[in-house]
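Structural characterization, general
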Amino acid sequence: QVRLVESGGGLVQAGGSLRLSCSASGSDRSIHVMGWYRQAPGKERELVASITSGGSTNYADSVKGRFAIHRDNAKNTVFLQMNSLGPDGTAVYYCSFTGYEYDYWGQGTPVAVSS
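Rules used in this analysis
Residues numbered from 1 in each chain as written. Predicted model: local features only at pLDDT ≥ 70, side-chain atom pairs only at ≥ 80, totals over all residues. Heavy atoms only, no water. Phe/Tyr/Trp six-rings, centres within 6.5 Å; stacked < 30°, edge-to-face > 60°. Buried < 20%, exposed > 50% of the residue type's maximum accessible area, 1.4 Å probe, protein only. Lys NZ or Arg CZ within 6 Å of the ring centre and 35° of its normal. Helix = DSSP H or I, 4+ residues; strand = E, 2+ residues; numbered from the N terminus.

Description of the packing of aromatic side chains
Under the counting rule described, the total for this entry stands at two aromatic pairs. For the pair Tyr102 and Tyr104, a centre-to-centre distance of 6.2 Å together with 45° between the ring planes defines the contact as tilted. We classify Tyr104 as buried; its relative accessible area is 6%. One Lys or Arg, Arg45, reaches over the ring of Tyr94 and ends 3.8 Å from the middle of that ring. Sitting over the face of the ring of Trp105, Arg45 holds its NZ or CZ atom 4.8 Å from the ring centroid.

Below is the structure:
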(Lines give C-alpha, C1' and ligand atoms only; values in the text may rest on other atoms or scores of the structure.)
Protein backbone atom coordinates (compact mmCIF):
# COMPACT_ATOMS: atom_id res chain seq x y z
CA GLN A 1 0.00 0.00 0.00
CA VAL A 2 1.03 3.56 -0.68
CA ARG A 3 0.10 6.68 1.21
CA LEU A 4 0.31 10.04 -0.53
CA VAL A 5 0.52 13.40 1.21
CA GLU A 6 0.29 16.64 -0.74
CA SER A 7 1.59 20.00 0.42
CA GLY A 8 2.35 23.43 -0.95
CA GLY A 9 -1.11 24.75 -1.63
CA GLY A 10 -2.29 28.14 -0.49
CA LEU A 11 -3.39 31.58 -1.57
CA VAL A 12 -1.56 33.27 -4.43
CA GLN A 13 -2.22 36.34 -6.53
CA ALA A 14 -2.99 35.96 -10.21
CA GLY A 15 0.24 35.70 -12.15
CA GLY A 16 2.05 34.14 -9.23
CA SER A 17 3.61 30.73 -8.74
CA LEU A 18 3.28 27.78 -6.40
CA ARG A 19 5.05 24.48 -6.13
CA LEU A 20 3.08 21.49 -4.95
CA SER A 21 4.73 18.42 -3.49
CA CYS A 22 3.44 14.88 -3.16
CA SER A 23 5.34 12.60 -0.84
CA ALA A 24 4.76 8.86 -0.99
CA SER A 25 5.28 6.30 1.74
CA GLY A 26 4.91 2.57 1.34
CA SER A 27 5.66 0.53 -1.73
CA ASP A 28 3.91 -0.75 -4.83
CA ARG A 29 6.31 -1.81 -7.55
CA SER A 30 3.56 -1.72 -10.15
CA ILE A 31 3.22 2.07 -9.98
CA HIS A 32 3.90 3.36 -13.47
CA VAL A 33 2.17 6.73 -13.65
CA MET A 34 2.17 9.63 -11.20
CA GLY A 35 -0.12 12.53 -11.74
CA TRP A 36 -1.71 15.69 -10.48
CA TYR A 37 -5.44 16.31 -10.78
CA ARG A 38 -7.56 19.23 -9.71
CA GLN A 39 -11.18 19.81 -8.91
CA ALA A 40 -12.57 23.30 -9.03
CA PRO A 41 -15.80 24.20 -7.20
CA GLY A 42 -18.78 22.80 -9.06
CA LYS A 43 -16.64 21.03 -11.64
CA GLU A 44 -15.41 17.52 -12.24
CA ARG A 45 -11.93 16.40 -11.33
CA GLU A 46 -9.54 16.80 -14.24
CA LEU A 47 -6.02 15.70 -15.06
CA VAL A 48 -3.48 18.50 -14.86
CA ALA A 49 -0.22 16.68 -15.52
CA SER A 50 1.27 13.22 -15.35
CA ILE A 51 4.65 11.57 -15.57
CA THR A 52 5.39 7.94 -16.31
CA SER A 53 8.04 5.77 -14.75
CA GLY A 54 9.97 6.27 -17.97
CA GLY A 55 9.85 10.03 -17.59
CA SER A 56 7.28 10.86 -20.26
CA THR A 57 5.07 13.78 -19.34
CA ASN A 58 1.58 14.79 -20.32
CA TYR A 59 -0.20 18.09 -19.66
CA ALA A 60 -3.69 19.43 -19.96
CA ASP A 61 -3.86 21.96 -22.79
CA SER A 62 -4.86 24.68 -20.35
CA VAL A 63 -1.58 24.43 -18.41
CA LYS A 64 0.96 23.68 -21.14
CA GLY A 65 3.88 26.05 -21.00
CA ARG A 66 3.02 27.20 -17.45
CA PHE A 67 3.07 24.05 -15.32
CA ALA A 68 5.81 21.45 -15.01
CA ILE A 69 5.72 18.06 -13.34
CA HIS A 70 8.86 16.32 -12.17
CA ARG A 71 9.82 13.71 -9.65
CA ASP A 72 12.58 12.88 -7.22
CA ASN A 73 12.82 9.10 -7.20
CA ALA A 74 15.23 9.05 -4.28
CA LYS A 75 12.72 10.91 -2.10
CA ASN A 76 9.60 9.25 -3.57
CA THR A 77 8.22 12.72 -4.26
CA VAL A 78 6.45 14.26 -7.22
CA PHE A 79 6.30 18.01 -7.74
CA LEU A 80 4.06 20.32 -9.71
CA GLN A 81 5.53 23.72 -10.47
CA MET A 82 2.74 26.11 -11.36
CA ASN A 83 3.60 29.46 -12.93
CA SER A 84 1.45 32.30 -14.24
CA LEU A 85 -1.52 31.12 -12.25
CA GLY A 86 -4.87 32.49 -13.26
CA PRO A 87 -8.23 32.43 -11.47
CA ASP A 88 -8.96 29.12 -13.24
CA GLY A 89 -6.21 27.64 -11.10
CA THR A 90 -8.41 27.81 -8.02
CA ALA A 91 -9.11 24.20 -7.08
CA VAL A 92 -8.18 21.38 -4.79
CA TYR A 93 -5.16 19.63 -6.23
CA TYR A 94 -4.78 15.89 -5.78
CA CYS A 95 -1.81 13.64 -6.30
CA SER A 96 -2.43 10.17 -7.73
CA PHE A 97 -0.22 7.18 -8.32
CA THR A 98 -1.43 4.47 -10.70
CA GLY A 99 -0.50 0.85 -10.21
CA TYR A 100 -1.71 -2.23 -12.06
CA GLU A 101 -4.27 -3.06 -9.40
CA TYR A 102 -4.73 0.11 -7.37
CA ASP A 103 -4.96 3.83 -7.82
CA TYR A 104 -3.68 5.77 -4.86
CA TRP A 105 -4.89 9.26 -3.98
CA GLY A 106 -3.82 11.92 -1.56
CA GLN A 107 -6.17 14.02 0.51
CA GLY A 108 -5.71 17.09 -1.66
CA THR A 109 -4.22 20.52 -1.14
CA PRO A 110 -6.27 23.63 -1.87
CA VAL A 111 -5.05 26.40 -4.13
CA ALA A 112 -6.82 29.74 -4.32
CA VAL A 113 -5.83 32.33 -6.92
CA SER A 114 -6.94 35.87 -6.21
CA SER A 115 -7.51 38.33 -9.03
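Here we look at unusual backbone geometry
At Asn76, a residue that is not glycine, the phi angle is positive and equals roughly 50°. Among the structural elements, Asn76 can be located in the loop between β7 (67–72) and β8 (77–82). Its relative accessible area of 37% is what places Asn76 among the partly exposed residues. You will see that Ser84, though not glycine, has its phi angle at about 50°, which is positive. Tracing the backbone shows Ser84 in the loop between β8 and β9 (91–98). Judged by relative accessible area, Ser84 falls into the partly exposed class, the value being 43%.

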